[in-house]
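Structural description and commentary
So you can see what is in the structure, the chains are spelled out below.
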Amino acid sequence: MAERHVNVGGFRLSVAIPDGAARALGRRRRGPSGGDGTRLVVRDPPPLSITQRDPELGLGFIADRIQRRASAPVPTSEEDSLDPGDGGDAGDGGDLEPAALARAAAAQPWYHTIELPHGVVTKGSYDHRPLVGIYGIPGDLQGQRALDVGTADGFWAFELERRGAKVTALDIESTAEVDLPARLARLATERGYADPLGDGFALAHRALHSEVERIRGTVYDLDPDRLGRFDLVHAGDLLVHVRNPTQALEQIRAVTNGVALISDVFDPKIGWPEREESSLIRHLGGWVSAGWSTPAFGTLVQMVADAGFSSVEVVTVYSLVPRWEIEGPWRVVLRARP
């Protein structure tokens, strides 16, 4: 192995290069000069190996969700079989008896941990409750319009509503609409992987007697002419799951009239805390848990500013460990103003 020094974003880095590649990089051929004095320098390309992605790994998170639903407790009677989308006045969960509500909650694969009536707490992959106090949400949102982009089970939408906002929640309807690479999307369709994503939200909405309006769509569908503009827009763990985060941020900016709270994953190994690099990003390709990319800390901040926000403020940096895991990715909460 040979070691070369390269400059990346103003920083001098050491890069280990295989001997064959080092020799190839070291050979330069002087090309013909143009009549206007331009010059062409040609390098022999280094060897390149492409890793073929494993579709089974790529679809693992969807298959796991379907398996968890299939292995959930089965209602023991017709009365216990609740349709979470069924209407009715839930009051404080009054039409959902404690045991029935607990069984209905246990039958759902949850992303969010949500406190429901009768002491029922959903077993979400993530418990965001410890973040509420440090997240930067205003305490009083009375009279304000709020939008929760990528609401999932609705934890943040219900929190915004609890503080007095009139809330709209946006998300896709099933795993068939997840932003996947084309080959994975075709395979998911062939296998019939179309697990519904709104059932948990609907059950919590009913139990909490919520008035949050949930609408179907992706972040790319955000349109101020259709939805208007919002005093507060929240988007959590969204950019990592879309193939075009720049467009996603521009759409969020388009519907933000007051403040956007953007919480997303960054990669501390390529830019934080040693430096606030604003040009590094790790490409993931959408193959594992629909993760497309993780930017450096400074890159993520710069991306938000480049989307048209006039100011971007760092609220907090945290690592939230998923249930059944021993470590979690790092995230930053940004407060951006148009």
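Conventions and cut-offs
Residues numbered from 1 in each chain as written. Predicted model: local features only at pLDDT ≥ 70, side-chain atom pairs only at ≥ 80, totals over all residues. Heavy atoms only, no water. 1 Å grid on protein atoms, 1.4 Å probe; cavity = no way out; pocket = protein on both sides within 12 Å on 5 of 7 lines; lining within 4 Å. Points joined across faces, edges and corners; volume = space filled by probe spheres on them. Nonpolar A, V, L, I, M, F, W, Y, C, P; charged D, E, K, R; others polar. pLDDT = per-residue confidence, 0-100. Contact = heavy atoms within 4.5 Å. Salt bridge = Lys/Arg side-chain N within 4 Å of Asp/Glu carboxyl O. Helix = DSSP H or I, 4+ residues; strand = E, 2+ residues; numbered from the N terminus. Buried < 20%, exposed > 50% of the residue type's maximum accessible area, 1.4 Å probe, protein only. Pairing = 2+ DSSP bridges. Axes fitted to C-alpha atoms, helices over the stretch in contact; angles between N-to-C directions. Right-handed = clockwise from strand over helix to strand, strands pointing away.

Side note on the layout of surface pockets
Reported here for the second largest pocket is a volume of approximately 340 Å³. Around the second largest pocket sit Ile114, Glu115, Arg129, Phe155, Phe158, Glu159, Glu161, Arg162, Leu208, His209, Ser210 and Glu211, which together line it. Class assignment for the residues of the lining of the second largest pocket results in four nonpolar, two polar and six charged.

What about the confidence of the model for the chain?
Averaged over every residue, the pLDDT of the chain is 84; residues scoring 70 or more account for 82%. This stretch, residues 6-17, has a pLDDT under 50; its non-local contacts, to residues over four places away or in other chains, come to 29 contacts. Below pLDDT 50 for its whole length, residues 84-94 participates in 23 contacts with residues either more than four positions away or in separate chains.

So, the pattern of salt bridges
By the definition in use, this model includes eleven salt bridges. Note that Arg243 and Asp179 form a salt bridge whose closest N and O atoms lie 3.0 Å from each other. Pair noted here: Arg243 is in the loop between strand E10 (230-236) and helix H9 (245-254) and Asp179 is in the loop between strand E8 (166-171) and helix H6 (182-190), with a separation of 64 residues, a long-range link. Overall, the relative accessible area of 18% leaves Asp179 in the buried class. The residue Arg331 makes a salt bridge to Asp237 at a minimum N-O spacing of 2.7 Å. Remark: Asp237 occurs in the loop between E10 and H9 and Arg331 occurs in strand E15 (residues 330-337); sequence separation between them is 94 residues. With relative accessibility at 3%, the residue Arg331 sits in the buried group. According to the relative accessible area criterion, Asp237 is buried, its value standing at 13%. When salt bridges that share partners are traced, they join Glu115, Asp127 and Arg129 into one network.

Describing the sheet that holds strand E9 (residues 213-216)
Pairing between the strands of a sheet is mediated by backbone hydrogen bonds and can be parallel or antiparallel. The seven strands lie next to each other as E9-E8-E7-E10-E11-E15-E14, forming an open sheet whose pairing is mixed. Edge positions in the sheet fall to E9 and strand E14 (311-319), since each of these pairs with one other strand and no more. Strand-to-strand, the axes of this sheet are offset by a mean angle of 20°, without reference to chain direction. Both E10 and strand E11 (residues 256-266) contribute to a ladder of six bridges, which runs parallel. Residue pairing in the sheet places Gly236 in a bridge with Ser263 of E11. On the sheet, H9 packs against E10 and E11 and is oriented at approximately 155° with respect to E11.

Structural notes on the pairing of strand E7 (residues 145-149)
Here E7 lies mainly inside the structure; four of its five residues are buried. Where E7 and E8 come together, five bridges link them in parallel fashion. Opposite Asp148, over in E8, you have Ala169 as the bridge partner. Read as a crossover between parallel neighbours, the route from E7 over helix H5 (residues 155-162) to E8 is right-handed. In the sheet, E7 pairs with E10 via four bridges, with the strands oriented parallel. Its bridge partner being in E10, Leu147 is matched across the sheet by Val233.

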